[in-house]
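Fold and contact review
The lines below spell out each chain.
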Amino acid sequence: MPLLIDIFLCRTDNFGYLVHDVASGRTAAIDAPDAKAIKEAAARRGWRLTDVLITHHHTDHVEGIPALKREYGVRVVGPKAEQQKILGLDVLVSASDTVSLGETDFIVIETPGHTLGHIVYYDPAGRHLFSADALFSLGVGRMFEGKPGPMWDGLEELRALPDDTLVYPGHEYTAANAAFALSVDPRNPALNIRAGEVKRQVESGRFTIPVTLGMEKATNPFLRADQPVLARAMGLPSDAPPAQVFAALRKAKDEFKA
């Protein structure tokens, strides 16, 4: 039976997601950025919220937990490594754990960097990846807590997933990410095509996600930190360690002004 996914905006630029397991009728929110928006989305679909799957402790991903627990009595799943920073967790998970939502199983993948305990949820049967702030379309989250090496390792694990995996990130940052990506990888044909597509999507009021992981592998500079062209763009030797290139890319993005 399929997994149905509803996408909506929360707060300023957070994506909200409801995932609905058709066979069981169970519905989960991926993160809890805004309880009101989540409740409205559930009502619009006629789904009853049963679960919340949390990726990391930042306020714009957990603020709605108390209200959703009061309203629905939801089960809240979240990263074991951040249990002291997230109130209301009922189930603690870490790398390779499985979270079941009816007949849908999500694999937990640890992606430290944006926060030390950041996790993502991957549905291998349906090929859906809820990557929160670890991986955006054409970008990655700021490295607030982690180090370049472990963050690159986590991204490599995501990059190893099948090309037809659909990526659902935590924020609508794609247009800004495209501007930076073009500044460091301007001769990448796939990137130029994707940037044009993003411009048209934004201008017509459409979301820029989901996007296939295959497209991200071809266009996202942070997933290509082991490519000589990106090392040279950062003023590094062609054979520089990928984690060093990744760190340089992240620093350049932090300082980038379109």
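Use the structure listed above.
Residues numbered from 1 in each chain as written. Predicted model: local features only at pLDDT ≥ 70, side-chain atom pairs only at ≥ 80, totals over all residues. Heavy atoms only, no water.

**Structural notes on the nonpolar core**
- Counting residues in hydrophobic clusters, the biggest one holds 28 residues, and the most contacted among them are L135, L158, V245, F246 and L249.
- Put simply, the parts of the chain that give this core at least two residues each are strand 9 (119–123), helix 4 (148–159), helix 5 (174–184), helix 8 (228–233) and helix 9 (242–255).
- With four residues, the single largest contributor to this core is helix 4.
- Discounting residues that sit within four places of it in the chain, V245 has contacts with A225, L230, A231, M234, L236 and A240.
- Counting residues in each nonpolar core, the second largest holds 22 residues, with A42, W47, V52 and V76 among its members. (Core = buried A, V, L, I, M, F, W, Y, C linked by side-chain atoms within 4.5 Å. Buried < 20%, exposed > 50% of the residue type's maximum accessible area, 1.4 Å probe, protein only. Helix = DSSP H or I, 4+ residues; strand = E, 2+ residues; numbered from the N terminus. Contact = heavy atoms within 4.5 Å.)

**Regarding helix 5**
- Buried within helix 5 we find T174, N177, A178, F180, A181 and V184. One face of helix 5 carries all of its buried residues, which in axial projection span an arc of 170 degrees.
- For helix 5, the elements touching its buried residues are helix 6 (189–203), helix 7 (213–219), helix 8 and helix 9. (Arc of directions from axis to C-beta.)

**What about the sheet that holds strand 11 (residues 166–169)?**
- Overall, mixed pairing links the six strands, which are arranged 7-8-9-10-11-12 in an open sheet. With partners counted over all chains shown, the strands left at the sheet margins are strand 7 (98–101) and strand 12 (211–212), one partner each.
- With four bridges joining them, strand 8 (residues 104–110) and strand 9 adopt antiparallel strand pairing. Bridge pairing in strand 9 places E110 opposite I119. (Pairing = 2+ DSSP bridges.)

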